[in-house]
Amino acid sequence: MSGTALMYMLANMFLTQLFYVVGVGGVQEDNLCLCLAFGIHYLRLAVISWLCVMTYDMLITFRNNVNLNPRPEPVNVLISRFVKYSVFAWGVPSLSVISASVMRVTVNHQAVNNLNPYNCWFFEKTIYNVTFAVPALCCFAAIADSLIRSWLTARATVGLQVDKKTRLKMHRKRTLQLHLYVKIATLLFAVNVFGCVARNGSPSSDPVAWIAYNVGHSLQGILVALAVTCNCQVLKIYTRSFSRRRRRRPRNGSATALFDKRDSDISDTTYLQNLTWEPVPLPV
């Protein structure tokens, strides 16, 4: 469940980055600029909503599995839970976009030209604060609450383990997942804070927040991908391979070197004839 939610979040982040690149070049058509603002508004909030789903699912998983080996759940329970997660993750951005469109229709003095200085990435100040900043802040508050409760639950369940090796292994797995979600939540929160400050100001009067938002938004995809893939296990693999290369080899005349050379020859080749007995042993 957490892996599926993570894939949805990364897919929304990819589409957000695609729309972001389209707005960098400057959009001259007013209707296209408005559609781009609607799309980015929806996708940014969808990314935060899926992160909220991920942290809540982590809390449920920690509560239901007090042992190291997870308890399998029925398929109908998983499907029902995923449907609820999808309704929340897709419904919150949809309601936000509907509210933004209604506010644009009711407020006549708002114009599309106000979106052009911001590359069509934001709506007007009032619409942005009401339909994006407030729901995003509520989602981040729920994310922080889930992370704190997950940490307390993991601490309690780890203390229940009798075996020391099992306790250390569970602590490592729980801590790794917690640290991953904390990194992603911190990155997204910082990027959205810079965006909120830049939108409520102006690129000319406050360029620091605008530049920080552009840099953070450009790098958030690769940073999240690195945080997901390059964990401690991957680093251990590279460390072991590097240490093996630097390991000192024995002399060529020793028996160990002959066996190492023979083993390396067998492992490097793809011919199956090197794995046969030569000479063939006598049958019994």
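Residues numbered from 1 in each chain as written. Predicted model: local features only at pLDDT ≥ 70, side-chain atom pairs only at ≥ 80, totals over all residues. Heavy atoms only, no water.

- If you check an unreviewed UniProt entry, the protein chain appears there as Adhesion G protein-coupled receptor E2-like isoform X2 from Sipha flava.
- Its UniProt record gives the protein chain the following Subcellular location (unreviewed entry) comment, quoted word for word: "Membrane". (UniProt positions renumbered as here; feature names shortened; annotations may be inferred.)

1. Points about the overall build of the protein chain
And then number 1: Looking only at helices and strands, the protein chain has 8 helices and 0 strands in total.
And then number 2: The helix and strand sequence of the protein chain, counted from the amino end, reads α-α-α-α-α-α-α-α.
And then number 3: When burial is assessed residue by residue, the protein chain has 34% of its 284 residues classed as buried.
And then number 4: In the form shown here, the protein chain has an accessible surface area of approximately 17800 Å², with 64% of it arising from carbon and sulfur atoms. (Helix = DSSP H or I, 4+ residues; strand = E, 2+ residues; numbered from the N terminus. Buried < 20%, exposed > 50% of the residue type's maximum accessible area, 1.4 Å probe, protein only. Areas by Shrake-Rupley, 256 points an atom, 1.4 Å probe, with all protein chains shown as cover.)

2. Observations regarding the state of the cysteines
And then number 1: Under the counting rule described, the total for this entry stands at 0 disulfides.
And then number 2: Looking at the unpaired Cys139, the closest cysteine sulfur is the one in Cys52, lying at 5.2 Å.
And then number 3: Residue Cys139 is classed as buried on the basis of its relative accessible area of 6%. (Disulfide = S-S within 2.5 Å.)

3. Points about the nonpolar core
And then number 1: In this structure, Met9, Leu51 and Ile143 are the most contacted members of the largest nonpolar core, which totals 56 residues.
And then number 2: Elements that contribute at least two residues to this core include exactly α1 (2-24), α2 (30-64), α3 (75-106), α4 (125-159), α5 (164-200) and α6 (207-229).
And then number 3: The biggest single contributor to this core is α2, with 17 residues.
And then number 4: In contact with Met9, not counting residues within four places along its chain, are Val47, Trp50, Leu51, Met54, Ile184 and Val224. (Core = buried A, V, L, I, M, F, W, Y, C linked by side-chain atoms within 4.5 Å. Contact = heavy atoms within 4.5 Å.)

4. What about α6?
Residue pairs spaced three or four apart in an α-helix point in one direction, given the helix's 3.6 residues per turn.
And then number 1: In a regular helix each residue adds 1.5 Å, so 23 residues correspond to 33 Å; α6 covers 33 Å between its end C-alpha atoms and thus fits that length.
And then number 2: Along α6, the helix axis deviates most sharply at Gln220, where the bend reaches about 45°.
And then number 3: Buried within α6 we find Ala209, Trp210, Tyr213, Asn214, Gly216, His217, Gln220 and Val224.
And then number 4: On the buried face of α6, the contacting elements are α1, α2 and α5. (Expected span 1.5 Å × (residues − 1). Bend = angle between axes of the 7 residues up to and from the residue.)

5. Comments concerning the UniProt feature "transmembrane region" (unreviewed entry) in the protein chain
And then number 1: The sites that carry the UniProt feature "transmembrane region" (unreviewed entry) are, in the present numbering, residues 7-27, 39-62, 127-148, 180-201 and 221-239.
And then number 2: Taken end to end, residues 127-148 comprises 100% helix and 0% strand; its first and last C-alpha atoms sit 31 Å apart.
And then number 3: Secondary structure across residues 180-201 comprises 95% helix and 0% strand; the distance between its end C-alpha atoms is 32 Å.

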